[in-house]
Structures are given as structure tokens and as C-alpha cells.
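Architecture and fold: a report
Listed below are the residues making up each chain.
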Amino acid sequence: MTTLVVRGARILGGDAADLTIVDGIIVGVGSASPAADATVIDADGLLALPGLVDLHTHLREPGFEQSETVATGVRAAAAGGYAAVFAMANTRPVADTVAVVEQVAELGRRAGLAHVQPIGAVTVGLAGERLADLGMMARSAANVRVFSDDGHCVHDAQLMRRALEYVAPFDGVIAQHAQEPTLTVGAQMHESPLAGELGLGGWPSVAESSIVARDVLLAEATGARLHVCHVSTAETVDVLRWAKARGIRVTAEVTPHHLILTEEEVRGYDARFKVNPPLRAAGDVDALRAALADGTIDVVATDHAPHPVEAKQAAWADAAMGMVGLETALAVVQESMVETGLLDWAGVARVMASTPARIGRLDGFGGALEVGAAAHVALVDPAGRTPIGTEHLHGRSTNSPFLGRSLPGRVVHTIYQGRQTVSDGVVA
Amino acid sequence: MRHLLTAALTRDEAIELLDIAEDMDQIHERDQKKLPALRGRTVVNLFFEDSTRTRSSFEIAGKWLSADVINVSGKGSSVSKGEDLRDTVTTISAMGVDGIVMRHGASGAPNVVASWIPQIVVNAGDGTHEHPTQALLDAFALRRRIHGDASRGKGLDGVRVAIAGDVLHSRVARSNALLLPALGAEVTIVGPPSMLPPGIGTWQAAHTTDFDEVVDSRPDALMMLRVQLERQTGTFVPSAGEYIGGWSLTPERFARLGGETLVMHPGPMNRGLEISSVAADAAASLVLEQVRAGVSVRMAVLYRLLAGRTDS
């Protein structure tokens, strides 16, 4: 029997309490008098949040191990306060079979620093032509419930409809990368006056919102669950608001970077800021924050997308798209949502832990820190600001848009299955 | 000014360059076309896209200033892939050259290159972004035709310039739309609606899709842009016939200009498409003066950025 006592943490930013954890389960919340052999974490002044859950992570393994592996990716996750990550399917081979999703899950178990929940591809090879083995992946040991061709839009309407119909009986969800491909040929950044000025091909907002409009109607027609990945535009927020008011089973995520960065970052052609969907206008950022605050957007998901240095040190058009985000997500949410008064810490726990776990049907994660719950905890010091450097990044890649920028707060300790995966900022 | 990446210059910076170009321009009248200003300096023309006129123009400009000029082509060699850009430029940089003149198919490529190496970088055209020396030579040719030998120190105040055609894909248009208003010109952008960039309303220029209206307003200068219809027919405009019908400087439209409007084109021209031969070869055509101005302006740019520098 191992006992861990967290002393004096403010639960969800509320009253301070001691958490007593035995064999991975919370057995006491309140005042503890720990046994002599218990490990004690002094959490005086720290916030306790449920261990975070990321619905959208690229771990790159198998196939792209020069960018990230499951083992390095979960180090980044732990450092960011995460207890579970959903691993996107765009690996090589693509996670479109039982073999690949079970391999990814097994790699996660071996790494042991956070739960790795595989996402299955919607279509074979992400090619958008034939459905992958959705049912077999759902029934496999990996227990897949989220399916996504992320990186590619399932743009064939009939295929999207069939996918929604097919996953409905086992309560699966299709997570759509909403990007109408014919509207984004040659797209390099948000379509805007700045794109005209910089001479970069535009990625118009309507290429996202038109797909979301179609898909919420397909979700309504099929009665199935739709999840919209990385919402980036004000128009999409309007569509989601309409769909939710109508009772359509749709959920949506926003990335940390879309909550705080705008297209203005593209001005210097620094490819660290190249991402898909692109950074948008200030008005979009405002709309996304408001939507996250009022529940129109359900969760924050990182879209952690590691790339090696070479893929970013290039001319803009030749550079890879994507940013790492696991280590900085909570800090960005603190700055953009908490310090602006849009969310309290209970709200943060909702959008970064409980709701993502519920959308992904991942039991045992993201719930309240109460007696009987699995002990996944993030202990956070919200005070102070830290300039972000590569020493804050624990994955294999350093393509963070926040390097050199100061962000608030700090994940001090992370507890996963009752064990400390991060201790005073140091990953185990 | 450390590099020349953009035509977004102040009026004073632009006039300074144009005035140096006036001095340089006199070399055309000499038998012995060699100034010692950049003796011992090495300039590399690094062109990742095909170019005849711009590359030759920079080469002549460098040579007339006594610089050693090396041409490196990115096309078809090991440097044609984007991933190799950094290796290519740092390799050339390490050879101890003084300046790099570069053309690249990706917008912003010279901006990132300038952040990687200590040498001066001159943008000779990047993607669909900018072509600052083209805008400078256009301004120079225009100023010379209007003010003649009294050009020095002057801008283009009140000069009405229309830029016509595929503005969306044109780095020439972008650079001119930045430089000409800074010099006091009144710019109008005209083209098919699908070929006007997003945010055209925020430019320091009027804009319209009605080319006939622009022709009938008889601007002081009409700059026709090269259109690459083989890439754009069917998506940006329905057909060559539609383009010619709406936006070509046909003999009929040229006649309506009345003979006073200066006709400009950055070349190479698609005769019979965006411009008719009648217009291109008329007395009002500035096309060959633009080419000559290219050498003078590029001499001025290299001189301004490289002469007297000891820190590279």
C-alpha cells in the first residue's frame, strides 16, 4: 500500500484541503494526518485540478519518431498537467486498423506517464475514400471511441454520413477536421487583408464554417455524435450555437493558440506560427473566447503537433504546419480565459479535463477530486509569469509559438494513477 | 536601410535611392562603363526561379560597379527544394560574400534568409509578395519621363497611375502599390474581381473592376501586369477571350487613352493578351526605359547597401 498526501491545495481554486491517495484512489478529502511512511506533497498555495485530458494530440509514433514518440509526447503531457491524451491517427502506418491502435495504446502503457487513448482513422489511410475498420477498432483492446482523419477533412458528404451512422450504435464520435479542400487550394494563412499584403494564399473562414454547417446537419439527420476539431472562426461559432440550440449532438474544441495568437504573428514569415487551421483575426479570437466561456465550444484541445527544426526553418510555403502545445496549454488558458474573467478554475477543469474525457468516453479521468475517484491531479501555482524557453519543453520538438514569450502560472506537480509524474516541475 | 526586402520605404528613403540612380544612370552615356565603387565586393545572384531580365539587370549593375558577381541558379540543382534553402544560403554566406540578391517562389523567403545570415539581402522577387527593385525602376522611369533632368529630389506628387490586371498574383503590383503612394502618386488598382487581393480596400489606392472606366479617365500612366492565363483560366477568369474583352489594353482602348498616358509593363509581355503591340510599341510606351532604369536603380541599391560597409 502506497500513500500520498497532498497538503493544503485549493481544490478548483476553492477551499484548501488535504487529499489522501492510497493505491491510486482518492480516499480522503479534508484534513489528513498522514502516516509516517506516507509521501507528503506540500501544496500550500497551489490549486488542485483534475489531471488534464487532451482530446487532440499528435504523438507521431509510429512513423515520425524524429518529431515525437509516445514516450517523449507523454513527458510533454505530464509537464503540462495532463493525465490523459488522445493520440491522433495520422501516423505511418495510419491508425486505421486494430493492430496500430493497440500498438499505440501499448506504447502508452509502457511509457506510463499519462494514459494514451488512440484515435482511429475514419477512412483507410486518411484517403477519404473507404471507411476504416471502425467497429473492430471500437471492440479492440484499445477501446476506440473517437475517430478522426485529422489533417484531412472527410469532405465526401456521403462518406461522412456513413461514418456518423456507423459509429452511432457504439457511441463513437467523428472528430472532423473541417476544411473544404476546394476552398483552400494553395492556402498559407488566414484569408484577410494581411494575406493580400503578405502575398500568401488565403485560407478563408468559410472553408471551415461551410463544412461545419454541412456536418451538423448530417449529425442531426443521423442522430450521431459529431465533434469539431480546432474551431478557428467566428462564423463556425455561429453555426455551432445554432446547432446546439436545435439540440444537435455536436461538441467542439478550440486550441490554446487560437485563443491568444492572431494572424499578425505571420508578418515576419516565422514558420513557428504556421498552423492549420491558421491563426485568425482578433475578432475571431474574441468570438472563440466568448464561445468557450458560454459553452458553445466545449473544450480546449492542444493539437500538439511536433515537427523537427528543419521542417520549420524554411520559407513559409515550404514549412510544416503545426505547433507543440501540451506544456503551455494551461498557462495560455489562464491568461486568455481566467485572467480575463471569462472562466473560473472550475470552468478550466470542465473544459480541460471533465468534458474532454466525457466526449471521448474515457472513464476514470477528468472527474471531481472526491473520495473514490482515480487519483489524477494537476497541482498548479497560478502566481507569477515565466518566459518560455526550450527548457520548458519536454517532447522531442521545440516548435512552440510561445518561446520567448512570458506566460502566467506553472504546473508544479502532476499525479497520474496516484503516482507523481511531475515533481516540482521535473518530469519523472 | 540594411536590406532591401520591401518597397515599403519612406518618401525620403525612396527619393534618396532614385537620386543615386540618377547619378548611376549617366553611365549609360559613357564608353567606359565601370565605376570602382564596389571593387573587392562580391555579390551572389541567387535565383530559385527562372529570370532573364532581372538577373541580367542585377548582374550588369554589379559589374558596372566593379563588384564580382556570381550567378547561382536554384532551378534543377540540389537547391530546388525548400528544405535546402537554409543550407544553400548559409553555405554561400560562409564563402565570405558581401551580399545576396535573391529570387524565390515563396513569399517571404528573403525575409527569413535575412534573419539567418549576416550579409545584406536584396529581394529580387518573392512569390506573390514583393519585387521592390521593379517598383523603384518603375518610379524612376516615370519620374524621368515627367521631370527629365530636373528629376532629382522630386517625388511623383499628383501623378495618377493605374495598375491593371492580375493584382492578386503580382509582386510587381504589391510593391508599386506601396512605393508609388509614398512618393505622392494617386494609384488606382483595376482587374477582374477574382484577381483583386483580399483587403484591397485597405490599400493606399482606389480600386475598381471596370477597366474601361479607368481608360476613359486617362491616367498619367497605365501599368499593365503580366497575366498567366495558362494557370488561371477556368478558375480565376473564364477564358482568354473574357480577359481580353474586359482588361486588355487593346488597340481600341489604347486609342481612347488619347496619346498622353504613359504605358508601362514590367515584362515579359504577353502581346495580344494583356497588351496589344500597338500600345507596347507606341511613343507613349515606357517599356524600354523601364528596362534601362532597372540597371540604374539596381546599381543604386547595391551601392546604397554595400558601399562603405565594413561589417559584413
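Residues numbered from 1 in each chain as written. Chains lettered and ligands numbered in written order. Predicted model: local features only at pLDDT ≥ 70, side-chain atom pairs only at ≥ 80, totals over all residues. Heavy atoms only, no water.

On to the overall build of chain B, then. When helices and strands are tallied, chain B shows twelve helices and nine strands. Since a compact globule built from 312 residues should have a radius of gyration of about 20 Å, the 19 Å found for chain B is in line with a globular shape. In terms of its C-alpha atoms, chain B occupies a principal-axis envelope of roughly 55 × 45 × 35 Å. Among the 312 residues that make up chain B, the fraction classed as buried is 58%. (Helix = DSSP H or I, 4+ residues; strand = E, 2+ residues; numbered from the N terminus. Rg over C-alpha atoms; globule rule 2.2 N^0.38 Å. Buried < 20%, exposed > 50% of the residue type's maximum accessible area, 1.4 Å probe, protein only.)

All names here are of chain B. Interaxial distance between helix α1 (residues 11-25) and helix α12 (residues 287-306) falls to 8 Å at its minimum, and their mutual angle equals 115°. As for how α1 packs across α12, the hand of that crossing is right-handed. Listed contacts from α12 to Glu16, Leu17, Ile20, Ala21, Met24 and Asp25 of α1 are Arg292, Ser296, Val297, Met299, Ala300, Val301, Tyr303 and Arg304. Of the residues belonging to the contact of α1 with α12, the class tally is nine nonpolar, one polar and four charged. (Axes fitted to C-alpha atoms, helices over the stretch in contact; angles between N-to-C directions. Left-handed = near helix turned anticlockwise from the far one by under 90°. Contact = heavy atoms within 4.5 Å. Nonpolar A, V, L, I, M, F, W, Y, C, P; charged D, E, K, R; others polar.)

What follows concerns the pairing of strand β16 (residues 377-387) of chain A. Residue and element names in this part refer to chain A. Taken together, the four bridges between strand β5 (residues 47-50) and β16 define a ladder with antiparallel strand orientation. By the bridge assignment for β16, Ala48 is matched with Leu379. Alignment of β16 against strand β17 (residues 406-416), held across eight bridges, turns out to be antiparallel. The residue bridging Pro387 from the neighbouring strand is Ser406, located in β17. (Pairing = 2+ DSSP bridges.)

With that out of the way, let us pick up the packing of helix α4 (residues 157-167) of chain A against helix α6 (residues 206-222) of chain A. Residues and elements named next belong to chain A. Relative to each other, α4 and α6 sit at 45°, their axes nearing to 10 Å. Between α4 and α6, the crossing angle belongs to the class labelled oblique. For α4 against α6, the interelement crossing comes out right-handed. Across from Ala157, Met160, Arg161, Leu164 and Glu165 in α4, the residues of α6 making contact are Arg214, Asp215, Leu218, Ala219 and Thr222. Per-class residue counts for the contact of α4 with α6 are five nonpolar, one polar and four charged. (Parallel < 35°, antiparallel > 145°, perpendicular 65-115°, else oblique.)

Let's shift gears to the interface of chain A and chain B. If you look at the interface, chain A gives 16 residues, while chain B gives 19 residues. Each partner contributes to the roughly 1300 Å² buried at the junction of chain A and chain B, and carbon and sulfur atoms together form 62% of this total. Where chain A packs against chain B, one counts zero salt bridges. Taken together, chain A and chain B are joined by five residue pairs in polar contact (both at pLDDT 80 or more). When grouped by side-chain class, the residues that make up the side of chain A that touches chain B number eight nonpolar, five polar and three charged. (Buried area = accessible area lost by both parts, 1.4 Å probe. Salt bridge = Lys/Arg side-chain N within 4 Å of Asp/Glu carboxyl O. Polar contact = N/O pair within 3.5 Å; in protein donor to acceptor, adjacent residues only side chain to side chain.)

The next point concerns the sheet that holds strand β6 (residues 52-57) of chain A. All names here are of chain A. Sheet architecture is open: three strands sit in the order β6-β7-β8, paired in parallel fashion. The open sheet terminates on both sides in strands that have one partner only, identified here as β6 and β8 (115-118). Averaged over neighbouring strand pairs, the angle between their axes works out to 20° when direction is ignored. Where β6 lies against strand β7 (residues 82-87), four bridges are found, and the strand directions are parallel. The residue bridging Asp54 from the neighbouring strand is Val85, located in β7. Sheet contacts for helix α2 (residues 98-111): β7 and β8; angle to β8, the most-contacted strand, approximately 175°.

So, on to the side chain of Thr355(A). All names here are of chain A. For Thr355, the location among the structural elements is in helix α12 (residues 345-359). You can call Thr355 buried: its relative accessible area is 6%. Ignoring sequence-local partners within four residues, the contact set of Thr355 consists of Asp298, Val299 and Arg350.

A few words now on the domain arrangement of chain B. Residues and elements named next belong to chain B. When the domains of chain B are assigned, the result is domain 1 (11-130 + 291-306) and domain 2 (132-290). Domain 1 and domain 2 are separated by 25 Å when their C-alpha centres are compared. The interface is formed by 31 residues belonging to domain 1 together with 33 residues belonging to domain 2. Together domain 1 and domain 2 conceal approximately 2500 Å² of surface at their shared face, both sides included; 55% is due to carbon and sulfur atoms. Taken as a group, Arg11, Glu22 and Glu130 account for 26% of the area that domain 1 buries against domain 2, more than any other trio of residues on that side. In this structure, the connection of domain 1 to domain 2 is made through six salt bridges. Note that Arg11 and Asp157 form a salt bridge whose closest N and O atoms lie 2.8 Å from each other. The tally of links between domain 1 and domain 2 comes to 21 residue pairs in polar contact (both at pLDDT 80 or more). Element by element, the count of residues in the side of domain 1 that touches domain 2 is highest for α1, at ten residues. (Domains from an automatic or database assignment.)

With that settled, consider the environment of Pro387(A). Tracing the backbone through its elements, the reader meets Pro387(A) in strand β16. As for Pro387(A) and Phe402(A), which are separated by 15 residues in sequence, their C-alpha atoms are 8.7 Å apart.

It is worth spelling out the sheet that holds strand β2 (residues 68-73) of chain B at this point. Residues and elements named next belong to chain B. Pairing in this open sheet of four strands is parallel, and the strands run β2-β1-β3-β4 from one edge to the other. Strand pairing shows two members of the sheet lacking a second neighbour, β2 and β4 (120-126), which therefore form its edges. When strand polarity is set aside, the average angle formed by the axes of neighbouring strands in this sheet is 15°. In this sheet, β2 lies alongside strand β1 (residues 42-47) in parallel orientation, the contact comprising six bridges. Across the sheet, Phe47 pairs through a bridge with Ser73, a residue of β2. Packed onto the sheet, helix α4 (residues 109-116) meets β3 (99-104) and β4 and runs at close to 165° relative to β4.

Residue and element names in this part refer to chain A. The tally for this structure, following the rule as stated, stands at three aromatic pairs over all chains. Note on Phe147 and Phe170: the rings are 6.0 Å apart at their centroids and 70° apart in plane angle, and the pair reads as edge-to-face. With Phe147 in strand β9 (residues 146-147) and Phe170 in the loop between α4 and β10 (173-176), the pair connects residues that are 23 residues apart, well separated along the chain. Aromatic side chains Phe365 and Tyr416 sit 6.5 Å apart centroid to centroid with 25° between the ring planes, which places their arrangement in the stacked category. With a gap of 51 residues between them, Phe365 in the loop between α12 and β16 and Tyr416 in strand β17 connect regions that are remote in the sequence. Overall, Phe365 belongs to the buried group, its relative accessible area being 13%. (Phe/Tyr/Trp six-rings, centres within 6.5 Å; stacked < 30°, edge-to-face > 60°.)

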